[in-house]
Amino acid sequence: MSVFLSWKSACICSHVPVLLTLVSAACIAASRTDAPPIGDENEIRFSLSAGVRPAREHAESLRVFTGYEAKPGECGNVVLGPLPEGEYTGEEAWRALVGRVCRLDDRLDAKSGKIQTFANMHECTCSFGFPPYTPVEPRSLQVTSSPLPMLGESIPSKVVVIHRRNIEETGAASVPDLLRYVSQTAFHRGSGFRGSGAQFAELRGLGAEYTLVLVNGRRTFGTASDLTTSAFDLSAIPISAVKRVEISMDANSLLHGMDAIGGVVNLVLNDSVEGDATVRHDYLAGGGSQTHASLSGGKRGDRGRMAVYFDYQHWNELLGRERNRWSNQDFARFGGRDYRSRFAYPANVTSLNGEDLPGLGSSIAVAAVDPDTGLFDFRPREENRTSLRAFQSIVPEGYRATLWANGSLNLGRAVAKLELLASERENELQLKPATSPGYIWGPNHPENPFDVPVRVEASFSGLPASRQQYTTNSVRAVGEIAGPLGDWDYTAFVVYSNEEAEARMRNVPDEVALADGLMGDDPSEALSLYSTIRLTTFPPDLFVNPPAARYDTSATHFQGSLRGSLLELPAGQLIAHLGAEYRDERMNFDTSIRGAQRDVRSAFAHVSLPLVDPSMHVKGAYDLRLLMGARSDHYDDVGTVTKKQLGMAWRMTEALTLHVATSQSFRPPSLVDLYFPRVSMTTELFDPKRSETAPVELMTGGNPQLRPSTGRSTSLGLSFQSRSGLSSSAEYWRIRVRDHIKLLAPMTLLAHEDGALFGRIARAAPTEEDLAAGRPGRLTRVDNSRANVGGAFAEGVDLGAEIPIETQIGTFTPRVAVTLTDRFEYGDLPTATVQMENRVGVASEYGTIPAQRGVFSVTYDGRAFSASVHARVISSYRDRDYATGMPMQRRVPRSTILDLNISKAISDHLQVTLGAFNVTNREPPYAFMGGPLGFDSSQGSLEGRELYATISRKF
C-alpha cells in the first residue's frame, strides 16, 4: 500500500477517516529556512488522500506524485495525517497535513515586503520547513530558555504534551481532572477535599507548592482562597479555553524561576478566532450534576486579531447520604471501626446521676418514633448512632464564570499583544448539622416526659446544617511586545495578577442558645427535640453568622529577554538567551491584619551549544547539543540564590534520542510561611511525659527565620520514533528536596520531645515530687509555628509507548504510560536529625504514592465516529492505621477505573459526544487510613459513575 495516494489513475488505497494527530516523541528544534514555494493558481490538482505516517514519508510521496518539494527538516519524525480524500495541489496537501498539528499564518514578511506562509510557533512544535514566526506568546513549555525558541532547543528532558484532541478524548471536565490521565500524577484530590474547592497540580507527589504552573508560558501566583498552600488553583482555568497542556516533570525553570522543584505545568490557552458554542451536561446519581456552557469567537484583520471566550460552569451538590460509604459509617462490615456518632437522631438520653431514668429501669435510653402517634417512645438500655458524614458534601455546590480575551497587533516588525483572564468562582460545602454533645434537657421543657433533667446527645438533622462558602474573584492582565533587534529577537512583557477571596460560615449554631433552648425554662424559646427528625420552628437567635474572612494576593511581574546567535560553529549556531525580571508580590491575610510584600530581582542566561550536526555525518551522533545556564534571584527578605543547570540532547540516529539533565533548584518560604501573624492561645493538650491533660499556651503562625527549601533533579531518558509511527520512551528520574517547610502538629512535637527542634517546647521547673517520680516539669508552652523539617528523596522510571494501527474500518491507536516509583523517602518530623520514611506503596494522609501507576488507552477513528477507552490503574499498597499512624500488613487492593468517550460529527459544523467516567461504577476500596471517610481520598472518590453529553457547533 502506498504511503501517499497518487493522482486518480494511480489511486490504490482506500480512504482513511479522521485520525487523532500523534505527538512526536521528542520535540526537535527547527532551523530558519525559506518557505516552500507558493504554487501557481493553475497548478495541477490531484485526487489525494493519506493515512498516518511520519512527515518525511509524506514529503517524499508528495515529491514523487505531485512534484511539490516539501521540506519537513527536523520535523521529519513527527507523525502527520490523515488527509481526507479530495482534490489538492501538492502545496495544499502539505499545508492540510501540517495544519493539523501546526498553525500556519499568511502574513506580511517585514524584510521582503511580500506575503509568506509562516509557522506560528505559538502552536507548533517545529516549523516543517516554513519560516518560524513567534510574535505573540510562548507556544510551549520553556523550562530553561525563552518562550521564543522551540521546545527542542530549550530542554533536553522529556515533556508530555496533551493537545486539544487528546483533551477531548479523555472527556475531562476540568484541568485537575485532565491531570488524572498523566501517570506522573501520583494522587488526585477531588473538588470537595478542600473547603475552597481549590485543586492543584501535584506531580510526583511532592506537594502542590513544588509544582510551578504557567499560563501561556508566564508564571502564576498562589490562590487567595487557599493561602497556606501557596499554589495556583487549576480549577480557575476552564478546560474549554485550553489549547494544549505541556508538562515537564523533572526540570526547574531558568526563565520562570528556580522554584519548579517538582516540575512545570504550562497551560496554553486558545487564541483562535473561529466561532464555537458548546453545551455539556454531566449526570451523577443522587446529585452532583454539572452544566457547562462556553461561547467563543473573534476577528482577524490585516494587522492583527482578537479572540474572546466566555465559559460558565455550574455544579450541584452531592451529599454523603447518597453513597453507602458515608450513609453508614459502621465500617465493621469491612473489618474496621464504627465511626457513627452518638450525636444521633433520634436522640440518646442519659440520667445525670447514673440512676435509672423514671419509668425505664435504666440510666440510658434512646428515642424512637411511635408510628401510631408520631411522638417519641423511649427504649431503655439501647443506643442510637448516626453517620454524620451523611450530611456532608461529597461534591460541593458552586459555579465559575470566566472571560478570556486576547489580541495581537502588528506594529511594523514588532508585534504587541494583550491578554485578559477574569474569573468569578463560588464554592459552598455543607458540613455537619447542629448537635447536642450532652446538653441538659430541662425538666420544664414541654417535651421532656421524665420531669427531671437528663443529658441529651443528639444530631438536629431537621435544622439547617452548617455551610462553608468561598467566593473568589481574580483578574490577570498581560501586555507584551516582541520583535527583531538586529540579528536577535527581543521579548518584553508585564503581568498583573490580583485575586480576592471571601470565606464565610453560615448556619453556625450558637452553643449557648442551643443549651438554653433544650433547657426550656422559657417555653416560647424552647427548642423542640423533634427537630432531630423533621424541621420545626426554632428560636431566631439559634444561629450566628460569623464575620467573613477576606484575603487577597497580587503580583506585578516584568520580564525582558534577548535571544540570538553568538557565533557560528561547525555544528550550527551558538544560541544564547539572556534576560532579567522584576516581581512585586503582595498578600493580605485579612482586612484587620497587616499584610506582607516582597520584591524579587532576577537575571538568567542560557546557552544552546551544538556539537554535532546531521550534515557532519558522525557515526553514532546524528545530532548532539549541550544546554547550560544559570539564574540568580535576589529576594529582599531571603537573600540572593544562584542555581545552575546542565543538559544534553544526543540524537544517536534519526529515530533514537538520549536526554540527560541535571539542575539545582530552590523554593523560598512563601509570604504566609514567613509573615502569617503569630498568635497565642490557651488550649488543652495531652502531655505524654506526664500522662496528663493540662492547659498549655500554644504559639502558632509564620516564622521569619525560615530557610529556603532546596532541591536537585536528575533525569536520563531515551526516546524512539520509528517511520511506522511507533513511538516509545523510557526515563529514569531522581529528585531530592531538603529543608521542607511545614506547620508542626502539637501532638507530633510532644511525641518527639527528646529530639525536638530547640525552643519549641517549654516546661516549668520540676517540683520535688516530679523529680521523685522521674518526670519533667509541667508543660507550659508549645510553639508549632512553621519550621524547616526533613525533606524528600524520590526516584523511579517513566515508560510510554504508542502506535497507530490502520485497518479497513479505521485507525486504532493503543497507548500506554506507566510510572514506576522505586523510592519516595519523606520526613517531616520536627526533630533536629532528619528521620525519613519510604512512603512508596504505603497509604499516607499526605497522599499515597503507589509503586505503579498506569494510564492505558485505545482510541479509534473511523468514517462514522471516533471513540476512546481509558483505564487508570494503580497498584495495591499497604494500609495505615488511622489512630496510630503506623503502617499495617493489610493491603488496599489494586484499583482500575474505566472511562469511555464516543464522538460523532453530525455535520461539518456540529458534533455530539457521549461518555462516561468510571463506567463500571466502582467504589473506592475500604482503607483504614481514611478513618471516618472509609477510603483513601487521594486515590479514590465516592462520586461513582458519571455520564456526560456534549454538543458543539462551530460557526
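Residues numbered from 1 in each chain as written. Predicted model: local features only at pLDDT ≥ 70, side-chain atom pairs only at ≥ 80, totals over all residues. Heavy atoms only, no water.

J.: Help me understand the side chain of His292, please; the structure alone is not making it clear to me.
T.: Relative to the helices and strands, His292 resides in strand 14 (residues 290-300). Of the polar contacts made by the side chain of His292, one reaches the side chain of Asp311; its length is 2.6 Å. In this structure, His292 is in contact with Ala173, Ile239, Ser240, Thr278, Val279, Arg280, Asp311, Tyr312, Gln313 and Arg400, ignoring residues within four places of it in sequence. (Helix = DSSP H or I, 4+ residues; strand = E, 2+ residues; numbered from the N terminus. Polar contact = N/O pair within 3.5 Å; in protein donor to acceptor, adjacent residues only side chain to side chain. Contact = heavy atoms within 4.5 Å.)

J.: Help me out: how do you make sense of the sheet that holds strand 35 (residues 679-687) in this one?
T.: Sheet strands pair by backbone hydrogen bonding; their relative direction is either parallel or antiparallel. Across the sheet, which stays open at both edges, the 4 strands sit in the order 35-36-41-40 with mixed pairing between neighbours. Among the strands making up the open sheet, the edge pair consists of strand 35 and strand 40 (761-763). Neighbour to neighbour, the strand axes of the sheet diverge by 25 degrees on average, direction disregarded. Judged from the 9 bridges that link them, strand 35 and strand 36 (residues 692-700) form a sheet pairing that is antiparallel. Across the sheet, residue Phe686 finds its bridge partner in strand 36, namely Thr693. (Pairing = 2+ DSSP bridges. Axes fitted to C-alpha atoms, helices over the stretch in contact; angles between N-to-C directions.)

J.: Got a minute to help me understand the sheet that holds strand 12 (residues 264-269) in this structure?
T.: Strand order in the open sheet made by the 5 strands is 8-11-12-9-10, with mixed pairing throughout. Taken across any chain shown, the strands that pair with only one partner, and hence form the sheet edges, are strand 8 (159-163) and strand 10 (218-219). Relative to strand 11 (residues 242-248), strand 8 runs antiparallel, the two sharing 5 bridges. The residue bridging His163 from the neighbouring strand is Arg244, located in strand 11.

J.: How should unusual backbone geometry be read in this particular structure?
T.: Keep in mind that most residues, glycine aside, have a negative phi and that most peptide bonds are trans. The omega torsion of the bond from Tyr345 to Pro346 falls at -15 degrees, within 30 degrees of zero and hence cis. Relative to the helices and strands, Pro346 is located in the loop between helix 6 (324-327) and strand 17 (348-351). In the Ramachandran plot, His617 falls in the positive-phi region, its phi being about 55 degrees despite a non-glycine side chain. Its place among the elements puts His617 in the loop between strand 31 (596-612) and strand 32 (623-635). At Asn918, a position not held by glycine, the phi torsion is positive, near 55 degrees. Here Asn918 is to be found in the loop between strand 52 (910-917) and strand 53 (946-954).

J.: Please clarify how the pairing of strand 49 (residues 877-880) should be interpreted in this entry.
T.: Each regular strand shows side chains that alternate between the opposite faces of the sheet. In this structure, strand 49 lies alongside strand 50 (residues 887-892), joined through 3 bridges in antiparallel fashion. Considered in strand 50, the bridge of Tyr877 is made with Val892. Where strand 49 hands over to strand 50, the hairpin turn is made up of 6 residues, of which Gly885 adopts a positive phi near 75 degrees.

J.: For this particular structure, what's the right way to read a nonpolar patch on the surface?
T.: Together, Leu295, Met306, Val308, Phe310, Tyr312, Leu403, Leu420, Val475 and Phe955 line one region of the surface with nonpolar side chains, adding up to about 780 Å² of accessible area. For the nonpolar patch, the element with the highest residue contribution is strand 15 (residues 304-315), accounting for 4 residues. Locating Val308 in the fold gives a position in strand 15. (Patch = residues over 30% accessible without salt bridge, like charges linked within 9 Å, V, L, I, M, F, W, Y side chains within 5 Å. Areas by Shrake-Rupley, 256 points an atom, 1.4 Å probe, with all protein chains shown as cover. Salt bridge = Lys/Arg side-chain N within 4 Å of Asp/Glu carboxyl O.)

J.: What exactly am I supposed to notice about a negative patch on the surface here?
T.: A cluster of acidic side chains, namely Asp516, Asp521, Asp522, Glu525 and Asp541, defines a negative patch on the protein surface. Residue position: Asp521 is located in the loop between helix 7 (511-519) and strand 28 (543-544). Residue classification places Asp521 among the exposed positions, given a relative accessible area of 53%. (Lys, Arg positive; Asp, Glu negative; His and termini not counted. Charge placed at Lys NZ, Arg CZ, Asp CG, Glu CD. Buried < 20%, exposed > 50% of the residue type's maximum accessible area, 1.4 Å probe, protein only.)

J.: Would you mind going over the nonpolar core with me for this structure?
T.: When a protein is soluble and globular, its nonpolar side chains tend to lie buried together. Of all hydrophobic cores here, the largest spans 28 residues; its most connected members are Leu234, Ile237, Val245, Ile247 and Leu267. Breaking this core down by element, the ones donating at least two residues are helix 5 (175-178), strand 9 (212-215), strand 11, strand 12 and strand 15. In terms of nonpolar packing, the next biggest core, distinct from the first, is built from 25 residues, Ala59, Ala70, Ala93 and Trp94 among them. (Core = buried A, V, L, I, M, F, W, Y, C linked by side-chain atoms within 4.5 Å.)

J.: It is not clear to me how the pattern of salt bridges should be interpreted in this structure. Could you clarify?
T.: Any two side chains of opposite charge can pair, so long as their charged atoms come close to each other. By the definition in use, this model includes 56 salt bridges. Residue Glu383 pairs with Arg342 through a salt bridge whose shortest N-O separation is 1.9 Å. Residue Glu383 is found in the loop between strand 19 (376-380) and strand 20 (393-395), and its partner Arg342 is found in the loop between helix 6 and strand 17; the two are separated by 41 residues along the sequence. Judged by its relative accessible area of 24%, Arg342 falls in the partly exposed class. Here Asp673 makes a salt bridge to Arg786, at a shortest N to O gap of 3.2 Å. Placement of the pair is Asp673 in helix 8 (residues 671-675) and Arg786 in the loop between strand 41 (779-783) and strand 42 (787-788), with a sequence separation of 113 residues. Grouping residues by exposure puts Asp673 and Arg786 together as buried. Through salt bridges with shared partners, a single ionic network connects Glu581, Arg583, Glu585, Arg598, Arg631, Asp633 and Asp637.

J.: Where do I start with the packing of aromatic side chains in this structure?
T.: Counted according to the given criterion, the structure contains 18 aromatic pairs. Measuring from centroid to centroid gives 5.0 Å for Phe334 and Tyr926, while their planes differ by 10 degrees, and the two rings are stacked. Note that Phe334 is positioned in the loop between helix 6 and strand 17 and Tyr926 in the loop between strand 52 and strand 53, a separation of 592 residues in sequence. Between Tyr635 and Phe666, the aromatic rings sit 5.9 Å apart at their centres with planes inclined by 90 degrees, giving edge-to-face as the arrangement. Linking Tyr635 in strand 32 with Phe666 in strand 34 (residues 656-667), this pair joins segments that are 31 residues apart in sequence. Judged by relative accessible area, Phe666 falls into the buried class, the value being 1%. Ring pairing ties together the aromatic residues Phe331, Phe334, Tyr339, Tyr882, Tyr926 and Phe928, which thus form one cluster. Lying over the aromatic face of Phe917, Arg180 brings its terminal NZ or CZ to 5.6 Å of the ring centre. We note Arg218 situated over the ring of Phe493; from NZ or CZ to the ring centre the distance is 5.4 Å. (Phe/Tyr/Trp six-rings, centres within 6.5 Å; stacked < 30°, edge-to-face > 60°. Lys NZ or Arg CZ within 6 Å of the ring centre and 35° of its normal.)

J.: What's the story with the confidence of the model for the protein chain in this structure? I'm lost.
T.: Parts of the prediction with low pLDDT should not have their coordinates interpreted in detail. Averaged over every residue, the pLDDT of the protein chain is 84; residues scoring 70 or more account for 89%. Taken together, the stretch residues 1-42 has pLDDT below 50 and engages in 129 contacts with residues farther than four places along the chain or on a different chain. A low-confidence stretch, residues 532-536 stays under pLDDT 50, and its non-local contacts, those more than four residues away or across chains, total 19 contacts. (pLDDT = per-residue confidence, 0-100.)

J.: What should I look at first to understand helix 2 (residues 90-98) in this one?
T.: It helps to recall that an α-helix has 3.6 residues per turn; residues three or four apart then point in one direction. For helix 2, the complete set of buried residues consists of Gly90, Glu91, Ala93, Trp94, Leu97 and Val98. The buried residues of helix 2 occupy an angular sector of 160 degrees when the element is viewed end-on, so they sit on one face. (Arc of directions from axis to C-beta.)

J.: Explain the environment of Phe793 here, please?
T.: Structurally, Phe793 is set in strand 43 (residues 791-802). When its relative accessible area of 5% is taken as the criterion, Phe793 is described as buried. Sequence spacing of Phe793 and Glu825 is 32 residues, and the spatial spacing of their C-alpha atoms is 5.1 Å. In this structure, Phe793 is in contact with Arg734, Ile735, Arg736, Arg823, Phe824, Glu825 and Met836, ignoring residues within four places of it in sequence.

J.: Whenever I open this one, the side chain of Thr821 confuses me. Can you help?
T.: Examined against the element boundaries, Thr821 turns out to sit in strand 45 (residues 810-827). Not counting residues within four places of it along the chain, the set of residues in contact with Thr821 comprises Trp733, Glu795, Gly796, Val840, Ile849, Pro850 and Ala851.

J.: Whenever I open this one, helix 7 confuses me. Can you help?
T.: When helix 7 is considered as a whole, its buried residues turn out to be Ala513, Leu514, Gly517 and Leu518. Viewed end-on, helix 7 has its buried residues packed into an arc of 130 degrees, placing them on one side of the element. Pointing more than 90 degrees away from the buried face of helix 7 are the exposed residues Val512 and Asp516. Close packing links the buried residues of helix 7 with strand 23 (434-441), strand 24 (454-460) and strand 27 (508-509). Measuring from the side-chain oxygen of the N-cap residue of helix 7 to the backbone nitrogen of Val512 gives 3.0 Å; that N-cap residue is Asp510. Following helix 7 by one or two positions, Gly520 has its phi on the positive side, about 75 degrees.

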